[in-house]
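# Working through the structure, step by step
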Amino acid sequence: MELLAVVFPHLAAVRVERVHRVGATVRVKAATTEPTSECPACGCESARVRSRYERCLSDLPVAGQEVLLQMRVRRFFCDNTACAKRTFAEQIPGLTSRHGPCAAGLPSMLRTVALALGGRPGGRHTARLACAVGRSTLLRLSRSMPDPQVATPRVLGVDEFAWRKGHTYAPPPATG
Ligand SMILES: [Zn+2]
């Protein structure tokens, strides 16, 4: 179990039940252990489980091998009558998000690939990085990134500097 904590530190909050290899993929079976979960809409804790199901999440590769998390999670009832949500799926902080097909650490790496290479070539590259995802996932991740902050350039070119001082280096008008 010590090895698991070293290789999968982000799984500390869940119970890892099995780690095995299927083909080229390392499959990690895990389940949540908290008795209650917090409704994302109203913040009320609930212990009333409506259903259990399995979520499959791509994770960062380990030793060059693709990793797939098979996470057993629950859907809870929200018992707050003032809340618009009747049920909600539990999330594992730092590991899952509402609709993400990836564990929390993977999107930042995939966004880097998507920004550098774009959708289809990026998809081919992630296959080589042992974290194959489709080009649609890459495109969605790159679209979900905030626009980069445009910083004021600190080093100005000669022309800009002269223009700011009221000079121009334009050639003199042709005579004759
Ligand atoms: Zn609620």
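To continue, consider the overall build of the chain. When you go through the chain residue by residue, the secondary structure sums to five helices and seven strands. Put simply, the chain runs from its N terminus to its C terminus through helices and strands in the order α-β-β-β-β-β-β-β-α-α-α-α. Taken across its 176 residues, the chain has 21% of its residues classed as buried.

So, on to the pairing of strand β5 (residues 49-62). In this structure, β5 lies alongside strand β6 (residues 65-77), joined through eleven bridges in antiparallel fashion. Its bridge partner being in β6, S58 is matched across the sheet by L68.

The pairing of strand β1 (residues 14-22) with strand β2 (residues 25-32) spans eight bridges and is classified as antiparallel. Residue pairing across strands places R21 opposite V26, the latter belonging to β2. Hairpin connection between β1 and β2: a loop of two residues separates the two successive antiparallel strands, and G23 in this loop has a positive phi of roughly 65 degrees.

Let us now look at unusual backbone geometry. Phi at A63 is positive, roughly 50 degrees, even though this residue is not glycine. Structurally, A63 can be placed in the loop between β5 and β6. A count of 8 C-beta atoms within 10 Å places A63 in the exposed class.

Glancing now at the nonpolar core. Note that soluble globular proteins tend to have their nonpolar side chains buried in a common cluster. Residues F8, L11, V14, V26, V28, A30, L57, V67, L69, M71, I92 and L95 constitute the largest nonpolar core, which totals twelve residues. Among the secondary structure elements, those contributing two or more residues to this core are β2 and β6.

Attention shifts here to the confidence of the model for the chain. Of all residues in the chain, 66% attain a pLDDT of 70 or more, and the chain-wide mean is 78. Per-element mean pLDDT across the chain ranges from 58 in helix α5 (residues 158-164) up to 96 in strand β4 (residues 45-46).

So, on to the environment of L95. Tracing the sequence through the fold places L95 in the loop between β7 (87-89) and α2 (106-117). Residue class for L95 comes out buried when judged on the 21 C-beta atoms lying within 10 Å of it. Sequence separation between L95 and V14 is 81 residues, and the spatial gap between their C-alpha atoms is 9.7 Å.

Next up on the list: the environment of A13. Among the secondary structure elements, A13 is positioned in the loop between α1 (2-7) and β1. Sequence-wise, A13 and L95 are 82 residues apart; in three dimensions their C-alpha atoms are separated by 9.0 Å. Each residue touching A13, except ones within four places of it in the same chain, is listed here: I92, P93 and L95.

What counts as what
- Residues numbered from 1 in each chain as written.
- Predicted model: local features only at pLDDT ≥ 70, side-chain atom pairs only at ≥ 80, totals over all residues.
- Helix = DSSP H or I, 4+ residues; strand = E, 2+ residues; numbered from the N terminus.
- Buried ≥ 20, exposed ≤ 12 C-beta atoms within 10 Å, placed from the backbone.
- Pairing = 2+ DSSP bridges.
- Core = buried A, V, L, I, M, F, W, Y, C linked by C-beta atoms within 7 Å.
- pLDDT = per-residue confidence, 0-100.
- Contact = placed C-beta atoms within 7 Å.

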